[in-house]
Amino acid sequence: MGINAKCKNCGKESDSEGFKLHYQFRMMVCPNCFSGRTEQQNKIIEKKEVKKPAGWDKEDEYLEKISKLKKEEQKVMFKKIPGTDHVMCKCNMCKYSFKYNPFKKMPRSCPYCNADIPKLRTFSML
Ligand SMILES: [Zn+2]
Ligand SMILES: [Zn+2]
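All of these numbers come straight from a predicted model, not from anything done at the bench.

Draft legend 1. View of the overall build of the protein. Secondary structure summary: the protein contains three helices and seven strands in total. Element order for the protein, N to C, with α for helix and β for strand: β-β-β-β-α-α-α-β-β-β. Out of the 126 residues belonging to the protein, those deemed buried represent 10%. In the protein, once contacts between residues fewer than 6 apart in sequence are set aside, the share between residues at least 24 apart is 19%.

Next up, the structure:
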(Lines give C-alpha, C1' and ligand atoms only; values in the text may rest on other atoms or scores of the structure.)
(Ligands and ions follow the chains in the order given, each with its own letter.)
Protein backbone atom coordinates (compact mmCIF):
# COMPACT_ATOMS: atom_id res chain seq x y z
CA MET A 1 0.00 0.00 0.00
CA GLY A 2 1.26 3.47 -0.86
CA ILE A 3 1.00 6.64 1.15
CA ASN A 4 -2.39 8.29 1.52
CA ALA A 5 -2.71 11.69 -0.05
CA LYS A 6 -5.49 14.23 0.13
CA CYS A 7 -7.27 14.87 -3.14
CA LYS A 8 -7.46 18.60 -3.79
CA ASN A 9 -10.66 18.17 -5.79
CA CYS A 10 -12.91 16.30 -3.37
CA GLY A 11 -10.90 16.60 -0.15
CA LYS A 12 -10.93 12.86 0.50
CA GLU A 13 -7.83 10.89 1.31
CA SER A 14 -6.88 8.09 -0.97
CA ASP A 15 -3.92 5.97 -2.00
CA SER A 16 -1.46 8.36 -3.61
CA GLU A 17 -0.49 5.75 -6.15
CA GLY A 18 -3.93 5.96 -7.68
CA PHE A 19 -3.66 9.71 -8.28
CA LYS A 20 -3.61 10.88 -11.84
CA LEU A 21 -3.29 14.21 -13.55
CA HIS A 22 -6.76 15.29 -14.66
CA TYR A 23 -6.79 17.28 -17.88
CA GLN A 24 -9.80 19.43 -16.85
CA PHE A 25 -8.85 20.11 -13.24
CA ARG A 26 -5.16 20.44 -14.18
CA MET A 27 -4.10 18.75 -10.99
CA MET A 28 -3.53 15.37 -9.48
CA VAL A 29 -6.83 13.89 -8.37
CA CYS A 30 -7.92 10.67 -6.70
CA PRO A 31 -9.22 7.74 -8.79
CA ASN A 32 -12.82 8.66 -7.95
CA CYS A 33 -12.40 12.17 -9.30
CA PHE A 34 -10.42 10.99 -12.27
CA SER A 35 -13.14 8.58 -13.34
CA GLY A 36 -15.80 11.29 -12.85
CA ARG A 37 -17.47 9.47 -10.00
CA THR A 38 -17.18 12.42 -7.64
CA GLU A 39 -18.79 14.67 -10.21
CA GLN A 40 -21.64 12.22 -10.70
CA GLN A 41 -22.25 12.03 -6.96
CA ASN A 42 -22.25 15.80 -6.70
CA LYS A 43 -24.81 16.02 -9.46
CA ILE A 44 -27.08 13.56 -7.67
CA ILE A 45 -26.80 15.57 -4.46
CA GLU A 46 -27.56 18.81 -6.31
CA LYS A 47 -30.65 17.30 -7.92
CA LYS A 48 -31.96 16.17 -4.54
CA GLU A 49 -31.44 19.62 -3.08
CA VAL A 50 -33.27 21.33 -5.91
CA LYS A 51 -36.40 19.28 -5.36
CA LYS A 52 -37.32 20.41 -1.88
CA PRO A 53 -35.44 21.73 1.14
CA ALA A 54 -34.69 19.29 3.93
CA GLY A 55 -37.47 18.93 6.45
CA TRP A 56 -40.10 20.03 3.97
CA ASP A 57 -43.34 18.19 4.63
CA LYS A 58 -47.05 18.43 4.09
CA GLU A 59 -47.48 20.80 6.97
CA ASP A 60 -45.15 23.29 5.31
CA GLU A 61 -47.07 22.95 2.08
CA TYR A 62 -50.30 23.62 3.94
CA LEU A 63 -48.84 26.66 5.68
CA GLU A 64 -47.53 27.97 2.39
CA LYS A 65 -50.99 27.64 0.85
CA ILE A 66 -52.56 29.47 3.77
CA SER A 67 -50.06 32.30 3.55
CA LYS A 68 -50.72 32.58 -0.17
CA LEU A 69 -54.45 32.74 0.46
CA LYS A 70 -53.95 35.36 3.11
CA LYS A 71 -51.91 37.46 0.71
CA GLU A 72 -54.66 37.21 -1.87
CA GLU A 73 -57.27 38.11 0.70
CA GLN A 74 -55.39 41.29 1.43
CA LYS A 75 -55.44 42.26 -2.22
CA VAL A 76 -59.17 42.08 -2.72
CA MET A 77 -61.95 41.82 -0.21
CA PHE A 78 -64.67 39.33 -1.00
CA LYS A 79 -67.84 39.09 1.00
CA LYS A 80 -70.55 36.61 0.23
CA ILE A 81 -73.99 38.08 -0.40
CA PRO A 82 -76.45 35.80 1.44
CA GLY A 83 -79.00 34.06 -0.79
CA THR A 84 -77.11 34.74 -4.02
CA ASP A 85 -74.22 33.31 -5.98
CA HIS A 86 -72.57 36.70 -5.95
CA VAL A 87 -69.99 38.18 -3.66
CA MET A 88 -69.20 41.74 -2.86
CA CYS A 89 -65.79 42.59 -4.10
CA LYS A 90 -63.83 45.54 -2.88
CA CYS A 91 -61.15 46.70 -5.23
CA ASN A 92 -57.87 47.27 -3.52
CA MET A 93 -56.82 49.85 -6.07
CA CYS A 94 -59.73 52.26 -5.84
CA LYS A 95 -61.70 50.80 -2.89
CA TYR A 96 -64.78 50.58 -5.09
CA SER A 97 -67.25 47.88 -4.02
CA PHE A 98 -69.13 45.93 -6.65
CA LYS A 99 -71.02 42.66 -7.16
CA TYR A 100 -68.89 39.84 -8.46
CA ASN A 101 -70.02 36.49 -9.84
CA PRO A 102 -67.33 33.93 -8.95
CA PHE A 103 -68.89 31.22 -11.16
CA LYS A 104 -69.06 33.27 -14.35
CA LYS A 105 -66.02 35.26 -13.25
CA MET A 106 -67.84 38.45 -14.10
CA PRO A 107 -66.88 41.21 -14.23
CA ARG A 108 -63.33 40.41 -15.29
CA SER A 109 -61.95 43.62 -13.90
CA CYS A 110 -62.93 46.39 -11.55
CA PRO A 111 -65.74 48.37 -13.25
CA TYR A 112 -64.38 51.57 -11.76
CA CYS A 113 -60.60 51.49 -12.31
CA ASN A 114 -60.29 48.42 -14.54
CA ALA A 115 -57.86 46.70 -12.16
CA ASP A 116 -57.62 42.93 -12.54
CA ILE A 117 -59.61 40.79 -10.14
CA PRO A 118 -57.51 37.97 -8.74
CA LYS A 119 -58.84 34.43 -8.85
CA LEU A 120 -61.35 33.92 -6.09
CA ARG A 121 -59.74 30.94 -4.43
CA THR A 122 -60.82 32.11 -1.00
CA PHE A 123 -64.47 31.79 -1.92
CA SER A 124 -64.86 28.18 -0.68
CA MET A 125 -63.52 29.26 2.68
CA LEU A 126 -66.12 31.93 3.22
ZN1 LIG B 1 -10.99 13.26 -5.41
ZN1 LIG C 1 -60.91 49.48 -8.85
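Draft legend 2. Geometry of the pairing of strand S5 (residues 77-80). In this structure, S5 lies alongside strand S6 (residues 87-90), joined through four bridges in antiparallel fashion. Paired with Met77 across the strands is Lys90, a residue of S6. The turn joining S5 and S6, which pair antiparallel and follow one another in sequence, is formed by six residues; a positive phi near 85° is taken by Gly83.

Draft legend 3. Representation of the nonpolar core. Within the largest apolar cluster, seven residues are counted, these being Phe78, Val87, Cys89, Cys91, Tyr100, Cys110 and Ile117. Excluding its chain neighbours within four sequence positions, the residues that come into contact with Tyr100 are His86, Val87, Cys89, Pro107 and Ile117.

Draft legend 4. Local environment of the environment of Ile117. Tracing the backbone through its elements, the reader meets Ile117 in the segment after strand S7 (97-100). Its 20 C-beta neighbours within 10 Å are what place Ile117 among the buried residues. It is 8.8 Å that separates the C-alpha atoms of Ile117 and Cys89, two residues lying 28 residues apart in sequence.

Draft legend 5. Here's a closer look at the sheet that holds S7. Across the sheet, which stays open at both edges, the three strands sit in the order S5-S6-S7 with antiparallel pairing between neighbours. Among the strands making up the open sheet, the edge pair consists of S5 and S7. Within this sheet the neighbouring strands show an average axis-to-axis angle of 30°, counted without direction.

Draft legend 6. Main features of the environment of Arg108. Structurally, Arg108 can be placed in the segment after S7. The exposure class assigned to Arg108 is exposed, which follows from the 11 C-beta atoms found within 10 Å.

Draft legend 7. Spotlight on unusual backbone geometry. With omega at -10°, the peptide bond leading from Met106 into Pro107 counts as cis. Position of Pro107 relative to the elements: it lies in the segment after S7. Its identity is not glycine, yet Lys95 carries a phi of approximately 65°, on the positive side. By the secondary structure assignment, Lys95 is in the loop between S6 and S7. The exposure class of Lys95 is exposed, given the 11 C-beta atoms found within 10 Å.

What counts, and at which threshold
- Residues numbered from 1 in each chain as written.
- Chains lettered and ligands numbered in written order.
- Predicted model: local features only at pLDDT ≥ 70, side-chain atom pairs only at ≥ 80, totals over all residues.
- Helix = DSSP H or I, 4+ residues; strand = E, 2+ residues; numbered from the N terminus.
- Buried ≥ 20, exposed ≤ 12 C-beta atoms within 10 Å, placed from the backbone.
- Contact = placed C-beta atoms within 7 Å.
- Pairing = 2+ DSSP bridges.
- Core = buried A, V, L, I, M, F, W, Y, C linked by C-beta atoms within 7 Å.
- Axes fitted to C-alpha atoms, helices over the stretch in contact; angles between N-to-C directions.

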